[in-house]
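Each chain, letter by letter, is given below.
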Amino acid sequence: MDVKSTKTSPVLADSAPINKSRLGIHSSRLPYSQAGPTSSNNILTILRKKRGNFDDVWTNGWLDAMRSSSPPRKNILQNFTSGEVASDDGDIAHRAWMTKYPSALSSFRQIMDCAKNRKLVVFLDYDGTLSPIVDNPDRAFMSAEMRCAVKSVAKYFPTAIISGRSRDKVYGLVRLKELYYAGSHGMDIMFPAEEIPSGDRSISTKSTDQQGKEVNLFQPASEFLPMINEVFKTLVEITNVKGAKVENHKFCVSVHYRNVDENSWPIVAQFVYDVLKEYPRLRITHGRKVLEVRPVIDWDKGKAVEFLLESLGFTTNQDVLPIYIGDDRTDEDAFKVLRSGNRGYGILVSAVPKETNAFFSLRDPSEVKKFLESLVRMKQ
Ligand SMILES: O=P(O)(O)OC[C@H]1O[C@H](O[C@H]2O[C@H](CO)[C@@H](O)[C@H](O)[C@H]2O)[C@H](O)[C@@H](O)[C@@H]1O
């Protein structure tokens, strides 16, 4: 399958039905095959490897990326200032960072000045943005106050959630019918039936939402569904490592190592690496203590933002001011899209300095709530 990328959508150049040779699936990995993992990637084989023998994941940088996905505070500061950190003077580095990425709360006036005569469109990430990061992904609930703030924002501005979770799972956590939802890092977008993007319409399908209302679905990775289900079943074996967790998010899979002892991270990484060797059309991206397995297609949260703007009819830059609030590396794709051509503002949620394509920052979900409440107050 060749992916031809247009401005807002990856057009699948070849839309023939799925067959094994086209997908390049190893015969033992066909959907619903009963074949277990091959001996080379069996978790027991990995566990038997001597410590320090995880060359693949050392040399390809996975372990470094895993460590830096939530590094100790001092390391972050050292990276940010290229090693020039005054002894333990985190505050100075933090202030320097805040000059570059000022608080969206203290810059609220400036943002509103820019929004004058423009329609504000709000994009929100879920984990770490609307809900605090917790050890158990199944218990990442947003507060009632946050739900109320998001609901009020959606009353005045078109508002969308763009999450790495599956669309159903994130809807189950947010439970607000007045929003637009994009799950699986933007690979599963639900938008109103009456709105049709001007691009390639043939890749949208009709469906119904949780209320039975007719909607459109855009799922650019739909042909990967059997492959994702299959790789999920194989990856679940990693839960033999204490603390590891695997989630199926429909068009992507999350392998969590937040609760795994750091000495066992190489085992997790090597197992995922070995499994993915048999799936050249899947890749991983790094999130917050999570390896995200996803199809190799030219689609991400940034493309999802462009697609939603277009499908909601917001095509001219001058009339619209999109704001995207997110905390993770995958949100950087959306920040980049907004930064390019000064289209809108990315707001990074982080209490520690990080390099980012966002314009502004907020420390944590409680500041996100304050920012959303300010948007509502301004409108009232
Ligand atoms: O795009 P998002 O909505 O931010 O989703 C990204 C990942 O979020 C979840 O994992 C993260 O939050 C968990 C709960 O706080 C935390 O335990 C985990 O360490 C974080 O990585 C979700 O479980 C993942 O599947 C999403 O990909």
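Residues numbered from 1 in each chain as written. Predicted model: local features only at pLDDT ≥ 70, side-chain atom pairs only at ≥ 80, totals over all residues. Heavy atoms only, no water.

## Quick notes on the layout of surface pockets
- As a volume, the second largest pocket reaches approximately 400 Å³.
- Lining the second largest pocket are 28 residues, with Asp127, Ile133, Arg165, His256 and Val290 positioned closest to its centre.
- For the lining of the second largest pocket, the secondary-structure elements that each account for two or more residues are strand S9 (245-248), strand S10 (253-256) and strand S12 (290-295).
- The residue inventory of the lining of the second largest pocket, partitioned by class, reads six nonpolar, ten polar and twelve charged. (1 Å grid on protein atoms, 1.4 Å probe; cavity = no way out; pocket = protein on both sides within 12 Å on 5 of 7 lines; lining within 4 Å. Points joined across faces, edges and corners; volume = space filled by probe spheres on them. Helix = DSSP H or I, 4+ residues; strand = E, 2+ residues; numbered from the N terminus. Nonpolar A, V, L, I, M, F, W, Y, C, P; charged D, E, K, R; others polar.)

## Notes on the site of the ligand
- Every one of the 21 residues lining the ligand counts as a neighbour, but Asp125, Val134, Arg258, Arg288 and Glu292 are closest to it.
- The side chain of Asp125 places a nitrogen or oxygen atom 2.7 Å from an oxygen atom of the ligand.
- Within the side chain of Arg258, a nitrogen or oxygen atom sits 2.6 Å from an oxygen atom of the ligand.
- Against a free-state accessible area of 570 Å², the protein chains account for coverage of 99% of the ligand.
- At a threshold of 2 Å from the grid points, most atoms of the ligand map onto the second largest pocket.
- Among the secondary structure elements, those contributing two or more residues to the shell around the ligand are S10 and S12.
- Taken together, the residues of the shell around the ligand sort by class into seven nonpolar, five polar and nine charged. (Near = heavy atom within 4 Å. Polar contact = N/O pair within 3.5 Å; in protein donor to acceptor, adjacent residues only side chain to side chain. Areas by Shrake-Rupley, 256 points an atom, 1.4 Å probe, with all protein chains shown as cover. Sits in = over half its atoms within 2 Å of the grid points.)

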